[in-house]
Amino acid sequence: MESLKELYKVGNGPSSSHTMGPQRAADQFKNKYPEAASYRAHLYGSLAATGEGHLTDYIIKKTLEPKEVEIVWREDIVKEYHPNGMMLEALDENKNVIGDWTIYSVGGGTIAEEGMRNSGENATYPHSTLEEIITWCEQNNKNFVDYVKTYDDQDIMDYLGTIKDAMQRSVEEGLAATEVIPGKLNLQRKAKFFHEQYEKNKQLNTLIYSYALAASEQNASGYVIVTAPTCGSAGVIPGILFALKEYEGYSDEQILDALAVAGLIGIVVKKNGSVSGAEVGCQGEVGVACAMAAAAIAFLKGGSLRQIEYAAEIGLEHHLGMTCDPAYGYVQIPCIERNAMGAQRAFDAANYALLTNGEHHVTFDQIVEIMDETGRDMMDKYRETSKGGIAKLFFTC
Ligand code: SF4
């Protein structure tokens, strides 16, 4: 499994797979072929289907500027390896190809060449499943945070500190913002309004909604957020963690530990399943964010290893089958509201698990496998192509 640094990334929204990933790829390609007179980017499958709403073309051109960039939209070509494929070409002055690179944006801003994903190369952690991690913890009398500190980079807790700060900023800036979210949906922000209601009713769920909306609206507007595990689901973890910090008085240190636990859940899914909406639908984005957040809350509230695992399992299990169907390809409807619901559901999942002794029949590892299988069985129109589901309601608008 990879480091938590590969999971939590600070960057601009609105989409980790459609903007952050292509940006990384374009940047690396530019460094490889700085002598190119111009570039061409072929976008395949979901990258082409929702690339415009997700600003894929914009970010590629911006990364490769001042050189000219031709974008070739090929949503009719869906690569078998992953639906978010792209081929970059470097061209000389006569438009001859001097180099090309086929690369995939596999979710959460991670890019991989064919066959290289989860190859085990550069693995930070020696284990691959949550079951193996729990066994390690039990044998060594440790908890999940100890596990992260043992195997991840030495400076991982400092890194999580920068992640916490960036998440907090996205919430604060989102609460202060009032402008309409860019795009033809003309969507009005809601976070500030929800927070004003919290000031009156002082109910935790209102606070959770307002914080989750704030970070999600920042993402939808293209501002800086943290992938957790993706841009589209960037509101769930900040929503619940900062609401609980304020409402129940957790310390900064406890929030960092909670982020470590949540991160562990995220990297297990990245290893054995997927966090790509184009591959497995929204169950891999908001569903996984909910599982991560549920584990973090159960940890904060003193849950055992099994209760934490159960909380994560509940968080994911009850998002099984959730489609990815963004209207016009914008990460706005249903995404923003879905983050608020995901944050609240994480709270419920944790509380439910904590009411038990941690015994349960379906393990987290099993539900990751089921989620992955369910996602791959979904028709393409439900996997970030904006051709079905809620997106359909906007066809004629
Ligand atoms: S519906 Fe879910 S998976 Fe799809 S773009 Fe929105 S947040 Fe991402």
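Residues numbered from 1 in each chain as written. Predicted model: local features only at pLDDT ≥ 70, side-chain atom pairs only at ≥ 80, totals over all residues. Heavy atoms only, no water.

1. Some thoughts on the domain arrangement of the chain
Link 1 in the chain: Taken domain by domain, the chain comprises domain 1 (16-112) and domain 2 (130-394).
Link 2 in the chain: One C-alpha centre belongs to domain 1, the other to domain 2; they are set 28 Å apart.
Link 3 in the chain: Summing the contributions of domain 1 and of domain 2, the shared interface buries around 1300 Å²; its carbon and sulfur component is 54%.
Link 4 in the chain: In this assembly, domain 1 and domain 2 are joined by one salt bridge.
Link 5 in the chain: Where domain 1 touches domain 2, the interface holds 10 residue pairs in polar contact (both at pLDDT 80 or more). (Domains from an automatic or database assignment. Buried area = accessible area lost by both parts, 1.4 Å probe. Salt bridge = Lys/Arg side-chain N within 4 Å of Asp/Glu carboxyl O. Polar contact = N/O pair within 3.5 Å; in protein donor to acceptor, adjacent residues only side chain to side chain.)

2. Digging into the pattern of salt bridges
Link 1 in the chain: Tallied over the entire structure, the rule returns 22 salt bridges.
Link 2 in the chain: Here glutamate 75 and lysine 387 are joined by a salt bridge, their closest N and O atoms 2.7 Å apart. A residue pair is termed long-range when its members are at least 10 positions apart, and glutamate 75 in the loop between β3 (68-74) and β4 (85-91) and lysine 387 in the segment after α16 (364-377) qualify at 312 residues.
Link 3 in the chain: One salt bridge in this structure joins aspartate 165 and lysine 164, with 3.2 Å as the shortest N-O distance.
Link 4 in the chain: Judged by relative accessible area, which is 36%, aspartate 165 ranks as partly exposed. (Helix = DSSP H or I, 4+ residues; strand = E, 2+ residues; numbered from the N terminus. Buried < 20%, exposed > 50% of the residue type's maximum accessible area, 1.4 Å probe, protein only.)

3. Observations regarding the side chain of aspartate 325
Link 1 in the chain: Considering the arrangement of structural elements, one finds aspartate 325 in the loop between α14 (305-317) and α15 (335-354).
Link 2 in the chain: Buried charge without a salt bridge: aspartate 325, with arginine 338 as the nearest opposite-charge side chain at an N-O distance of 4.1 Å.
Link 3 in the chain: Of note is the side chain of aspartate 325, whose polar atom sits 2.9 Å from the backbone nitrogen of isoleucine 390.
Link 4 in the chain: Non-local contacts of aspartate 325, meaning those with residues more than four positions away in its chain, are made with Ile333, Pro334, Arg338, Gly388, Gly389, Ile390 and Ala391. (Lys, Arg positive; Asp, Glu negative; His and termini not counted. Contact = heavy atoms within 4.5 Å.)

4. Quick word on the packing of helix α7 (residues 156-176) against helix α11 (residues 252-272)
A pair of packed helices can be characterised by two numbers: the angle between their axes and the separation between those axes.
Link 1 in the chain: Between α7 and α11, the shortest axis-to-axis distance is 9 Å and the interhelical angle comes to 100°. Taken together, the axes of α7 and α11 are roughly perpendicular relative to one another. In this structure, α7 contributes Met157, Leu160, Gly161, Ile163, Lys164 and Met167 to the contact, and α11 contributes Asp252, Ile255, Leu256, Asp257, Leu259 and Ala260.
Link 2 in the chain: Looking at the contact of α7 with α11, its residues break down into eight nonpolar, one polar and three charged. (Axes fitted to C-alpha atoms, helices over the stretch in contact; angles between N-to-C directions. Parallel < 35°, antiparallel > 145°, perpendicular 65-115°, else oblique. Nonpolar A, V, L, I, M, F, W, Y, C, P; charged D, E, K, R; others polar.)

5. As for the packing of aromatic side chains
Link 1 in the chain: Under the defined criterion, the tally for this structure stands at 12 aromatic pairs.
Link 2 in the chain: A ring pair is formed by phenylalanine 29 and tyrosine 33, whose centres lie 5.0 Å apart and whose planes are at 55°; its orientation type is tilted.
Link 3 in the chain: Classification of phenylalanine 29 as buried rests on a relative accessible area of 2%.
Link 4 in the chain: Both rings, one in tyrosine 328 and one in phenylalanine 394, keep their centres 6.0 Å apart while their planes meet at 65°; by these two values the pair is edge-to-face. (Phe/Tyr/Trp six-rings, centres within 6.5 Å; stacked < 30°, edge-to-face > 60°.)

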